[in-house]
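Results of the structural survey
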Amino acid sequence: MAKKKIMKPVKAIIVLCEGKTDVAFLRRLLKTDGYNDYKQDAVYKIPKPFGLAGDKNDKGSYFINKLKTYKYDSGRLHDRPILPIILRRTQGQSDIFLLLYDMNSMDRPQNYREIITDFNKLTLPIEDDYFEAFTPIDAAIAFIYDLDDKSVTERFQHIQSNYADLIPELEHLSKNKQITSSKNYKSIGYHFLKKDDSDAGNLEDIVLPLMKKGNEHLFDKAADFLNSNGFIRLKKDKSKDENKTQSDLKKSLIGTVGQLEHSGLGNADIFKLTALLNKDKLKNSSQCQAIIKFFSDMRKGL
């Protein structure tokens, strides 16, 4: 009997982000650390198990099967299959794929559970007549959330309470243990976006100061315009919601100034295209470098 071939697994970090602005910012930031946009002219040419590695007769593409089972409804204007933005980083003789998922808020656990369940299956060993038993993908999985006004403990407890039945080792994470390993994943971890020197904040607390640097006059005028026209967010009882007002004001400042460069775009596209963010600003930001270190640590398990 002929000796079976050995199949090398694809290496990938699955990144579950709250929203599309997180995806856009991480894409821009991580491209300063050796990642590049991954491009193919057809899904079937993407390496297995995501695509078919060029074999149109194969039926095992995760992305193609995801599209086949999507329940289409034209009435849901912004709904779509949960598919990622893909970056690739060459590391030695191997490529590491980074799959950035927009999960459409942290308050939709069904979206997270769908993707985690998919990758739990993809990380199981496979046996066939031609190859030795192999795992199609060596995967790490990361949760990226805004910290907002919650404690670190509250945030990772949210992760544990919603997903520990799918990844039991999530229970090993703590405030002092950001990354661990599991049966299915080489690394599992979390990183929360926040202000410098603070246990609160969100993505905009990282991005806005970087965009403002050297452009303070633009943001001051935008703030005057927004505030002078009654910028306020209310609670259900119609009282002012201080946290929401401040958080949304930062988003609106980014969007307002961003229109000077790119009319009609949302903040995710502004993060992608704005000249007000550059490599030097990203490299000199302690929060940006903390994110890069987190992903470096996640790669070490692959």
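Structural notes, computed from the coordinates. (Residues numbered from 1 in each chain as written. Predicted model: local features only at pLDDT ≥ 70, side-chain atom pairs only at ≥ 80, totals over all residues. Heavy atoms only, no water.)

1. Topic: the packing of aromatic side chains
In the structure shown here, the tally under the stated rule is 12 aromatic pairs. Both rings, one in Phe-143 and one in Tyr-145, keep their centres 6.4 Å apart while their planes meet at 65°; by these two values the pair is edge-to-face. The same class applies to Phe-143 as to Tyr-145, namely buried. Ring centres 5.8 Å apart and planes at 20° place the aromatic pair Phe-143 and Tyr-163 in the stacked group. Taken together, the residues Phe-143 in strand β5 (residues 137–146) and Tyr-163 in helix α4 (residues 152–163) connect sequence positions 20 residues apart. Each member of the pair, Phe-143 as well as Tyr-163, is classed as buried. A network of ring pairs unites the aromatic residues Tyr-112, Phe-143, Tyr-145, Phe-156, Tyr-163, Tyr-190 and Phe-192 as a single cluster. Geometry around Tyr-35 places Arg-89 over its ring, the cationic atom sitting 5.7 Å from the centre. Across from the ring centre of Phe-231, 4.4 Å away, lies the NZ or CZ of Arg-233, which sits over that ring. (Phe/Tyr/Trp six-rings, centres within 6.5 Å; stacked < 30°, edge-to-face > 60°. Buried < 20%, exposed > 50% of the residue type's maximum accessible area, 1.4 Å probe, protein only. Helix = DSSP H or I, 4+ residues; strand = E, 2+ residues; numbered from the N terminus. Lys NZ or Arg CZ within 6 Å of the ring centre and 35° of its normal.)

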